[in-house]
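Descriptive analysis of the structure
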Amino acid sequence: MDFSRRYPQVREILLERINPRRVILPMKMHYGVPCLPTVEVGSRVKAGQCVGMPAPHTFASPVHTGISGTVTAIETIKLPNGIETPAVFIENDMKRAVLESIVPRKTMNLTSHDAVGIIRAAGICGMGGEGIPTAAKISRARNYAVDDLLVNCLQSEPFATSDLMIVNEHSGYVVYGAAAVARACGAKNIKILISHRRKSELKMLEGSVERAARDFPDLNIEIKLFRDRFPQGYYRLVGKALYSVDMGPNDTLEGKCKAVMFNCATMYSCWAALADNMPLMERVVTVCAGADTHNVLAPIGTPVGELIATSTAPTTDKIIWGNCFTGIAIDNPEDTPIIKMTSAVTVVPKTEVPRTPCIHCGLCSETCPMSLSPNIVYEMLVQGLTQKAAEEGGRDCIACGTCSYICPAGIDLANKIALFASAGRVIEENSLLHNTKFDTGKFDIGEVSLLEEYPDEVKPDEKIPKDGLILPFKEGKPV
Ligand code: SF4
Ligand code: SF4
């Protein structure tokens, strides 16, 4: 599907920084189990402060506040994706007081072990949607001895441009972050994936790649151009496009292609953590609101309602947590926070789509990027034949939303099929979290065995060539 003709009035240049009245910080935004709050009701906090830490021996990622203020509540909330988690509520004192220790490093001379530790402590998770703690993903990539690190700049959803804005404004951070992470992973090649139509981002990337090539002479950095269509950046599609490998739902890029893929926003955040000591406490989000679509820089945990309020969209419209194709409609935008993986929030006019029975036009099957027959899978799910739906490949659905968009009968195929597929993944995640629960006194959280799949550490005594350990500059070059 070609969405290259994006809305002509998208305000891609202006980046407004939001200072919300409050933030709601879920202790679980990542793949894993919730963190434990490190603050209490009444605690005063500064921006950058850690308010949630993983319990010992658990697979989790620390949570930091992006505003200063007072903790007003710690309560369990339910996110639109079904995750129930404790959350820390912070009222903003509007002083924007930042933790004193957040100052840019003067020189850079870190080992891979140091770098992975900094990335872990900064609470960085995959910001493109999957939410795997980045330090753990690096460690797993090392175990697979990957050759390639892929930087996903293929934001292909209609209207969303948050990733592209990061590339445009901070291409140096994206490329240097990727170089640092490539060294930590042991990858020798960096492939930056971007649409051939993104001319201005390409220009910025080319300049940064040239500079990085001088500072990281051992790395082979190249830009790979992709067609501008939706969906594009899903790992199984990338595996097919770059390596001509057909990947099944249980295959990984690491195992099948000796490659690991990170989102460009994640790479930006890694360099911000390494160079500036900056934890992941804010992110760029596209407010998709028709003619008033724009990007904002918002603290993680900002209620969706405060982001929508930056647009002129009527508040009575339908509000979606995420993108119009892949997001989830919500009723309570004032109490629903953006999380580390939220790249867009969307407002769509409330219109009634005429609905008829399936007319067997075949359009959904023609356009499904996973080669499913959505009409058949949908019908099986309606009849409760889940086993048959799974055999038809229903679990492969990547929730792109194309089938619902294209269906002339107005049938919301994607919603049903994607829920079925994601339920399958939750079962899978729970089976990875197989160890028993333990009582922390406050919250019941699962003890984690994901560490078997994602070893959470690069051991300092690993036999890595000495050069591969220095990150990123010998003798501590000024940043
Ligand atoms: S939402 Fe799922 S079934 Fe529908 S087109 Fe996308 S991948 Fe195919
Ligand atoms: S696109 Fe809609 S009408 Fe056409 S086959 Fe699929 S479900 Fe039926």
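Residues numbered from 1 in each chain as written. Chains lettered and ligands numbered in written order. Predicted model: local features only at pLDDT ≥ 70, side-chain atom pairs only at ≥ 80, totals over all residues. Heavy atoms only, no water.

Let us now look at the overall build of the chain. Each helix and strand in the chain was counted, giving 14 helices and 23 strands. Of all 479 residues assigned to the chain, the portion counted as buried reaches 54%. Taking as baseline every contact in the chain between residues at least 6 positions apart, the subset at least 24 positions apart corresponds to 73%. Summed over its atoms, the accessible surface of the chain is roughly 21100 Å², and 52% of this surface lies on carbon and sulfur atoms. (Helix = DSSP H or I, 4+ residues; strand = E, 2+ residues; numbered from the N terminus. Buried < 20%, exposed > 50% of the residue type's maximum accessible area, 1.4 Å probe, protein only. Contact = heavy atoms within 4.5 Å. Areas by Shrake-Rupley, 256 points an atom, 1.4 Å probe, with all protein chains shown as cover.)

All told, the structure shown has four aromatic pairs when counted by the stated rule. On the numbers, 5.6 Å between centres and 75° between planes, the contact of Tyr176 with Phe216 is edge-to-face. With Tyr176 in helix H3 (residues 162–185) and Phe216 in the loop between helix H4 (199–215) and strand E13 (220–226), this pair connects stretches of sequence that are 40 residues apart. Cluster of aromatic residues (ring-pair linked, three or more members): Tyr176, Phe216 and Trp271. (Phe/Tyr/Trp six-rings, centres within 6.5 Å; stacked < 30°, edge-to-face > 60°.)

Moving on, we get to the site of ligand 2. What surrounds ligand 2 is the set Cys358, Ile359, His360, Cys361, Gly362, Cys364, Asn375, Cys407, Pro408, Ala409 and Leu413. Looking at the shell around ligand 2 residue by residue, the classes come out as eight nonpolar, three polar and no charged. (Near = heavy atom within 4 Å. Nonpolar A, V, L, I, M, F, W, Y, C, P; charged D, E, K, R; others polar.)

So, about unusual backbone geometry. One non-glycine residue, Met94, adopts positive backbone phi at about 65°. Of note, Met94 is situated in the loop between strand E8 (84–92) and strand E9 (107–108). A relative accessible area of 43% places Met94 in the partly exposed class.

Between side chains of opposite charge, a pair can form when the charged atoms approach closely. Evaluated as defined, the whole model comprises twelve salt bridges. Where Glu282 meets Arg17, a salt bridge forms, and the shortest distance between an N and an O atom there is 2.9 Å. Here Arg17 lies in strand E1 (residues 11–17) and Glu282 lies in strand E15 (residues 282–288), a separation of 265 residues in the sequence. Of the charged contacts in the structure, one is a salt bridge between Glu254 and Arg140, with a shortest N-O distance of 3.0 Å. Residue Glu254 is located in helix H6 (residues 253–257), and its partner Arg140 is located in helix H2 (residues 134–143); the two are separated by 114 residues in the primary sequence. For Glu254, a relative accessible area of 4% puts it in the buried group. Judged by its relative accessible area of 6%, Arg140 falls in the buried class. (Salt bridge = Lys/Arg side-chain N within 4 Å of Asp/Glu carboxyl O.)

The next point concerns the site of ligand 1. Surveying the vicinity of ligand 1 reveals 13 residues, the closest of which are Cys368, Cys397, Cys400, Gly401 and Cys403. Across the shell around ligand 1, the residue classes tally to eleven nonpolar, two polar and no charged.

Turning our eyes to something else, we now look at the state of the cysteines. As enumerated under the stated definition, the model contains zero disulfides in all. Here Cys35 is not disulfide-linked; the sulfur of Cys50 is the nearest cysteine sulfur, at 7.2 Å. (Disulfide = S-S within 2.5 Å.)

Taking strand neighbours across the sheet as the criterion, the four strands line up as E2-E8-E7-E4 in an open arrangement whose pairing is antiparallel. Every other strand in the sheet has two partners, leaving strand E2 (22–26) and strand E4 (44–45) as the edge strands with one partner each. Summarising the sheet, E4 and strand E7 (residues 69–78) pair through two bridges and their orientation is antiparallel. Following the sheet pairing, Arg44 is matched in E7 by Thr70. (Pairing = 2+ DSSP bridges.)

Let us now look at the confidence of the model for the chain. Detailed reading of the predicted model is not advised wherever pLDDT is low. Per-chain confidence: the chain averages 82 in pLDDT, with 84% of residues scoring 70 or above. Mean pLDDT per element in the chain: strand E21 (residues 444–446) is the minimum at 33, and E2 is the maximum at 98. Note that pLDDT drops below 50 for residues 1–13; the model gives that stretch 42 contacts with residues more than four away or on any other chain. Every residue in residues 427–479 is under pLDDT 50, and counting partners more than four places away or in other chains gives 122 contacts. (pLDDT = per-residue confidence, 0-100.)

Inspection of the secondary structure assignment puts Glu157 in the loop between strand E11 (148–152) and H3. Here the alpha-carbon distance between Glu157 and Cys400, two residues 243 residues apart in the chain, equals 8.8 Å.

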